[in-house]
Amino acid sequence: MFITDRTEHIDRPRRNRRTEAIRRLVRETEVTPRNLVMPLFVKEGVGSREAISSMPGMARLSRDLAAEECRALERMGITSVALFPAISDEKKDSKASESANPNGLLPDTIKAIKDACSDICVITDVALDPYSSDGHDGLVKDGNILNDETLPLLSEMAVMQARAGADIVAPSDMMDGRVGYIRQALDESGKTETGILAYSVKYASAFYGPFRDALDSAPKSGDKKTYQMDPANVREAIREVDLDIVEGADMVMVKPALAYLDVIAAVKSTVTIPVAAYNVSGEYALVKAAAEKGWIDAERGRDEMLVAIKRAGADIILSYFAKEFAQGY
Ligand code: PBG
């Protein structure tokens, strides 16, 4: 049969793309500010904002400005933030002692934020790297990252954060057994209502580069491959997720997001708790840098990235684009 005989019956998917109104009507996936979490880098001082050169548009903020930023985010419909403290070198040591200090930068910032906007959901990172002179997420001995010796430090840190007002603690360290250990410590401290967002599936990725710049937290020696996952593995991701759920995770996360959309989809199909994905610093920097060179349209690149992560199955997206996305929403 010739094609001309069939033109009246031909399937025409283009009809559903003809106008913007129709395209909006049939759109399957939509990113909304409601599902976005804005990561904030915080620092000591008052009224102080320090631009991060590898992450155009992002800055380290002192606690007063961080609180102000949270109020602005709330007005735009973003009701969750993830905090990352930039700790000065003289406070870093091999035991990451500052990580559990109840009068440190992070707890003070949580309190300032909660005083300014009590409804915002504050998520805090649990890992030693910002506090460690070794720049690793766990304790280091003779070049090895100690697992079980690290667990008590992580749980002290999580309990301190919960007491300071964190709603959700997010272990990003990838030590085995840490979710169960932290859950038990929180419960024993009466913090049964503090949630755990587990960075269950965190890959040893080149895309964390700008983040490590922002916190000056790169490993001083070696790499993170003995605890963060091999980018080649997806079945192992399911193993990690299963373990964290059994240990008490309330939400699980895949990180990075963009190069791991298949992993997000695989995790989504096996769990019944919310799935988060972290659109990491390197992914943000790729878009910003290419846009600065005039090679891509930053806004369209951003929106395409976010919708892809959502389409893959992420219920929650942590992204440095959160604020600017919400501004244009
Ligand atoms: C620390 C931590 C990292 C990120 C979040 N928490 C860096 C790392 O593991 O080296 C990366 C986030 C980003 O790149 O945006 N454990």
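The preceding data block contains the structure.
Residues numbered from 1 in each chain as written. Predicted model: local features only at pLDDT ≥ 70, side-chain atom pairs only at ≥ 80, totals over all residues. Heavy atoms only, no water.

K.L.:
Go over the overall build of the protein with me, naming the residues and quoting the values.
P.N.:
Each helix and strand counted, the protein has twelve helices and twelve strands in total. Relative to the compact-globule value of 20 Å for 329 residues, the protein shows a C-alpha radius of gyration of 21 Å, a close match. Based on the C-alpha atoms only, the size of the protein along its principal axes is roughly 75 × 45 × 40 Å. Here the protein, with 329 residues, has 52% of them falling under the buried criterion. In the protein, the share of contacts with a sequence separation of at least 24, taken over all contacts with a separation of at least 6, comes to 73%. Surface summary for the protein: the accessible area is close to 15,700 Å², and the carbon and sulfur share equals 48%. If you average the places of the 42 positive and of the 52 negative side-chain charges in the protein, the two averages end up 6 Å apart. (Helix = DSSP H or I, 4+ residues; strand = E, 2+ residues; numbered from the N terminus. Rg over C-alpha atoms; globule rule 2.2 N^0.38 Å. Buried < 20%, exposed > 50% of the residue type's maximum accessible area, 1.4 Å probe, protein only. Contact = heavy atoms within 4.5 Å. Areas by Shrake-Rupley, 256 points an atom, 1.4 Å probe, with all protein chains shown as cover. Lys, Arg positive; Asp, Glu negative; His and termini not counted. Charge placed at Lys NZ, Arg CZ, Asp CG, Glu CD.)

K.L.:
Please provide a residue-by-residue account of helix H3 (residues 63–75), values included.
P.N.:
With 13 residues, H3 should reach 18 Å at 1.5 Å per residue; the first-to-last C-alpha distance of 19 Å fits that figure. Buried residues of H3: Leu65, Ala66, Ala67, Glu69, Cys70, Ala72 and Leu73, and no others. Where H3 is buried, its residues contact strand S1 (36–43), strand S2 (49–51), strand S3 (59–62), strand S4 (80–85), helix H4 (105–116) and helix H12 (322–327). Within two residues after H3, Gly77 carries a phi angle of roughly 95°, on the positive side. (Expected span 1.5 Å × (residues − 1).)

K.L.:
Describe helix H9 (residues 261–270), with residues and values.
P.N.:
For H9, the full list of buried residues reads Val263, Ile264 and Val267. Along the long axis of H9, the arc covered by the buried residues comes to 100°, so they all point the same way. Away from its buried face by more than 90 degrees, H9 exposes Asp262 and Ser269. Each element contacted by the buried residues of H9 is listed here: strand S9 (195–202), helix H8 (235–247), strand S10 (251–255), strand S11 (275–279) and helix H11 (298–312). (Arc of directions from axis to C-beta.)

K.L.:
Describe the packing of helix H10 (residues 281–292) against H11, listing the residues and the values that go with them.
P.N.:
In a pair of packed helices, the angle between the axes and the distance between the axes together describe the arrangement. Two numbers describe how H10 lies on H11: the axes approach to 9 Å, and their chain directions differ by 155°. With respect to each other, H10 and H11 are oriented roughly antiparallel. Taken as a pair, H10 and H11 cross one another with a handedness that is right-handed. Contacts between H10 and H11 involve Glu283, Val287 and Ala291 from the former and Ala298, Arg302 and Met305 from the latter. (Axes fitted to C-alpha atoms, helices over the stretch in contact; angles between N-to-C directions. Parallel < 35°, antiparallel > 145°, perpendicular 65-115°, else oblique. Left-handed = near helix turned anticlockwise from the far one by under 90°.)

K.L.:
So what's going on with the site of the ligand? Residues and values would help.
P.N.:
In the region of the ligand, 18 residues are neighbours, and Lys202, Arg212, Lys255, Ser281 and Tyr320 sit closest. Contact between the ligand and Asp129: a nitrogen atom at 3.2 Å from a side-chain N or O atom of the residue. Contacts to the ligand include Ser172, whose side-chain N or O atom sits 2.8 Å from a nitrogen atom. Relative to its unbound accessible area of 400 Å², the ligand is 100% covered by the protein chains. (Near = heavy atom within 4 Å. Polar contact = N/O pair within 3.5 Å; in protein donor to acceptor, adjacent residues only side chain to side chain.)

K.L.:
An account of the environment of Val159 is requested, with residue identities and associated values reported.
P.N.:
Locating Val159 in the fold gives a position in helix H5 (residues 151–164). Discounting chain neighbours no more than four positions away, the residues touching Val159 are Ala185, Leu186 and Ser189.

K.L.:
Give me the lowdown on unusual backbone geometry, citing residues and values where you can.
P.N.:
The omega torsion across Lys255 and Pro256 is -10°, close enough to zero to call that bond cis. Along the chain, the position of Pro256 falls in the loop between S10 and H9. In this model, Asp142 sits at a positive phi of 50°, which is unusual for a non-glycine residue. Tracing the backbone through its elements, the reader meets Asp142 in the loop between strand S6 (139–141) and strand S7 (144–146).

K.L.:
Go over the pattern of salt bridges with me, naming the residues and quoting the values.
P.N.:
Inspection of every chain in the model, using the stated rule, returns 21 salt bridges. Between Arg27 and Glu20 there is a salt bridge; the shortest N-O distance is 3.7 Å. Under the relative-accessibility criterion, Glu20 is labelled partly exposed at 41%. In this structure, Arg183 engages Asp250 in a salt bridge whose closest nitrogen and oxygen atoms are separated by 4.0 Å. Here Arg183, found in helix H6 (residues 178–188), pairs with Asp250, found in the loop between H8 and S10; they are 67 residues apart in sequence, far enough to count as distant. (Salt bridge = Lys/Arg side-chain N within 4 Å of Asp/Glu carboxyl O.)

K.L.:
I'd like a rundown of the side chain of Gln228, residues and numbers included.
P.N.:
Within the secondary structure layout, Gln228 lies in the loop between helix H7 (209–215) and H8. Judged by relative accessible area, Gln228 falls into the buried class, the value being 3%. Sequence-distant contacts of Gln228, that is, excluding residues within four places in its chain, are made with Asp137, Met174, Lys202, Tyr203, Ala204, Ser205, Tyr208 and Arg212.

Bear in mind that shape data such as this cannot, by itself, settle questions of function.
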